[in-house]
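# Notes for the structure review
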Amino acid sequence: MKNLLIKSAIASSVVLSLATVTRPVMAASFSISIEDAGKQTASYSNLLNYNVQNFDASTTGYSAAGLQWTGVGSYTNTLIVDKDQYGGANGTGKYFDVDTSRSGNGQTVSTLNLTTAQSYFGLWWSAGDANNVLEFYSKGTLVERITTADVVSYIAKLPNNTSTSYYGNPNSPTQNKSEPYAFINFYDVAGTFDQVKFTNVGGTGFESDNHTVATGYKSITGNVIRAVPESSSVLGVFAIGFVGAASVMTRRAKKKSVLQLS
C-alpha cells in the first residue's frame, strides 16, 4: 500500500505538471470589475506598488516616438488630446487617444511596454465605441482581449438597473449620451502581463485616461462583472490528481492488482 501511495502521488504530480505547462493561452485568467458610475480613478488603497499616468504633463498632439512613463515603461505611437466631450477625467487636463483621423498619421495601435511585469491594470474607458480593442500580453503571448462590446455587455449585467447611469460624459452629463464611460479594473489572477495594446481601426477614437498599473492588490474591488477564482486552474488539477489517486487505490483494493508506471 505504501508503494501504491507513492506511485499515485508521482502520477498526480505528473498530471499537475502537464496541465500547468499546457495551460491554454486564452484561458480566462482575468477578473474584471467596474467602478461605480461617475468614478474616474482606481481604488488606490487596494493596490500594491501602483503608478498612475493621467497624461496632463504630456505634450498635446501625435508622436510617433511615443511617450515615456518614468519608472514604469513607455508608450509607442501616441496621441494626447485636450479634454473634451469624449475624454479628460474629471473634466480637466488631457487624455490618451488612438484615432486615425485626429493623429493624421494612420494611427490604429498604441502599445504600453512595461519595464516590470504587472498583475493589475485600470483605466477610465471613456466614450467607448465598437472599434475599441484592449489586449494584454505576457512575453509576446496574448493573454486577454476585451472590446467595447464586452464592456457594454458587462455594464448591462450590473444589478439594480444601474447600467443607464454609465452613459454620457459624467463631467458634462448632456454630452455624448449614446456611449459608455466607466473606470474598469483588470486583475490578472493567474499571472502577470508586460504589455498592453490599444487598438482602434476606423474613423473613431479609443479614448482613455488615468492609466493605472500595480504589481499586486489586496482584493478584487468594484462591481465584479467577471470573476476568476485565484489559482483555480491549479486547484482543479490538484483535485483531479487526488481523485485519480483515490481511484487507483479503490481498484487496488478490489482487484489486488499492481500499479505499473512506465
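As a starting point, this report considers the structure included with it.

Reading guide: rules and limits
Residues numbered from 1 in each chain as written. Predicted model: local features only at pLDDT ≥ 70, side-chain atom pairs only at ≥ 80, totals over all residues. Heavy atoms only, no water. Helix = DSSP H or I, 4+ residues; strand = E, 2+ residues; numbered from the N terminus. Contact = heavy atoms within 4.5 Å. Phe/Tyr/Trp six-rings, centres within 6.5 Å; stacked < 30°, edge-to-face > 60°. Buried < 20%, exposed > 50% of the residue type's maximum accessible area, 1.4 Å probe, protein only. Core = buried A, V, L, I, M, F, W, Y, C linked by side-chain atoms within 4.5 Å. Salt bridge = Lys/Arg side-chain N within 4 Å of Asp/Glu carboxyl O. Polar contact = N/O pair within 3.5 Å; in protein donor to acceptor, adjacent residues only side chain to side chain. Pairing = 2+ DSSP bridges. Axes fitted to C-alpha atoms, helices over the stretch in contact; angles between N-to-C directions.

### As for the overall build of the protein chain
If you tally the helices and strands in the protein chain, you get 4 helices and 15 strands. Partitioning the intrachain contacts of the protein chain with sequence separation of at least 6 by distance along the chain shows that 74% fall at a separation of at least 24.

### Quick look at the packing of aromatic side chains
Taken as a whole and assessed by the stated rule, the structure comprises 17 aromatic pairs. The interplanar angle of 70° and the centroid separation of 4.8 Å between the aromatic rings of Y187 and Y217 together place this pair among those described as edge-to-face. With Y187 in strand β12 (residues 182-188) and Y217 in strand β14 (residues 207-217), the pair connects residues that are 30 residues apart, well separated along the chain. Neither residue differs from the other here; Y187 and Y217 are each classed as buried. The structure contains a cluster of three or more aromatic residues connected by ring pairs, namely F30, F55, W69, Y75, F96, F121, W125, F136, F186, F193, F198 and F206.

### Re the nonpolar core
Ranked by internal contacts, the top residues of the largest apolar core, which has 34 residues, are F121, W125, L134, F136, F186 and F198. What F121 contacts, discounting residues up to four positions off in sequence, is L112, L134, F136, I184, N185, F186, F193, V196, F198, H211, T212 and V213. Listed in part, the 13 residues of the second largest apolar core include L47, Y120, W124 and Y181.

### Things to note about the pattern of salt bridges
According to the stated counting rule, one finds 5 salt bridges in the structure shown. K39 is the partner of E35 in a salt bridge, and the nearest nitrogen-oxygen pair spans 3.4 Å. With its nearest N and O atoms 2.4 Å apart, the salt bridge here joins R226 to E144. Linking R226 in strand β15 (residues 223-226) with E144 in strand β11 (residues 141-147), this pair joins segments that are 82 residues apart in sequence. One salt-bridge network, held together by shared partners, links D84, D97 and R102.

### Concerning the side chain of Q53
Along the chain, the position of Q53 falls in strand β2 (residues 47-53). Here Q53 falls in the buried class, since its relative accessible area comes to 11%. A distance of 2.9 Å separates the side chain of Q53 from the backbone nitrogen of F55, its partner in a polar contact. Q53 has contacts with S58, L67, Q68, W69, Y75, D209, N210 and H211, leaving out every residue within four places of it along the chain.

### Details of the sheet that holds strand β8 (residues 109-118)
Within the open sheet, the 6 strands sit side by side as β4-β5-β8-β13-β10-β11. Their pairing is antiparallel. Strands at the two margins of the open sheet, each flanked by one partner only, are β4 (67-69) and β11. The average angle at which neighbouring strand axes cross in this sheet is 15°, direction not considered. With 6 bridges joining them, strand β10 (residues 132-138) and strand β13 (residues 193-200) adopt antiparallel strand pairing. If you follow Y137 over to β13, its bridge partner there is Q195. Helix α3 (residues 148-156) contacts β10 and β11 of the sheet and is inclined by roughly 60° relative to β11.

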